[in-house]
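What follows is each chain in one-letter form.
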Amino acid sequence: MRIPTALYAARGRSPQSEKDVPFQEILPLRLKNTVSGKADSGSDVACLQEMGVLFACLKDNEFVEKYCHKEISQFQNCFKCYMDRKFEAKKTVNQGIVQPGSNLNYKQLNKYMRRYPNPL
């Protein structure tokens, strides 16, 4: 959407004409055939809700663990489920199973992109 030039007159500068500035291709306008793995190295926080409930219980009971048995077991169960899911995800990555449409990590995405490279 273009803004009328009357609005710019109040500010004292008119917009630059698109015809006066030619497009210069500095880098090729195509995607690379690989993806870096920098974004996958982020911290993954598990069971934050259960941890908050556990700390609140411990604070209320002056950090005596025998009064917070239910919260401790809930946190341990949550963490066990999280580690099981993480192990299964790592196992599928190591097997090299690529399922398009799901959340892929950088290794799976690179493998998928090797199948269909960009033409030169």
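Note: the structure precedes this text.
A. Broad picture of the packing of aromatic side chains. Inspection of the entire model under this criterion finds two aromatic pairs. A centroid spacing of 6.2 Å and a plane angle of 40 degrees characterise the contact between Phe 79 and Tyr 82, whose relative ring orientation is tilted. Of this pair, Phe 79 and Tyr 82 are both found in helix α3 (residues 69-95), three residues apart, which corresponds to roughly one turn of the helix. Tyr 82 sits in the buried class, given a relative accessible area of 11%. Geometrically, the ring pair formed by Tyr 112 and Tyr 116 is edge-to-face, given 5.6 Å between the ring centres and 65 degrees between the ring planes. Classification of Tyr 112 as partly exposed rests on a relative accessible area of 26%. The class for Tyr 116 is exposed, based on a relative accessible area of 57%.

Analysis parameters
- Residues numbered from 1 in each chain as written.
- Predicted model: local features only at pLDDT ≥ 70, side-chain atom pairs only at ≥ 80, totals over all residues.
- Heavy atoms only, no water.
- Phe/Tyr/Trp six-rings, centres within 6.5 Å; stacked < 30°, edge-to-face > 60°.
- Helix = DSSP H or I, 4+ residues; strand = E, 2+ residues; numbered from the N terminus.
- Buried < 20%, exposed > 50% of the residue type's maximum accessible area, 1.4 Å probe, protein only.

Limitation: the analysis is restricted to geometry and does not speak to function.
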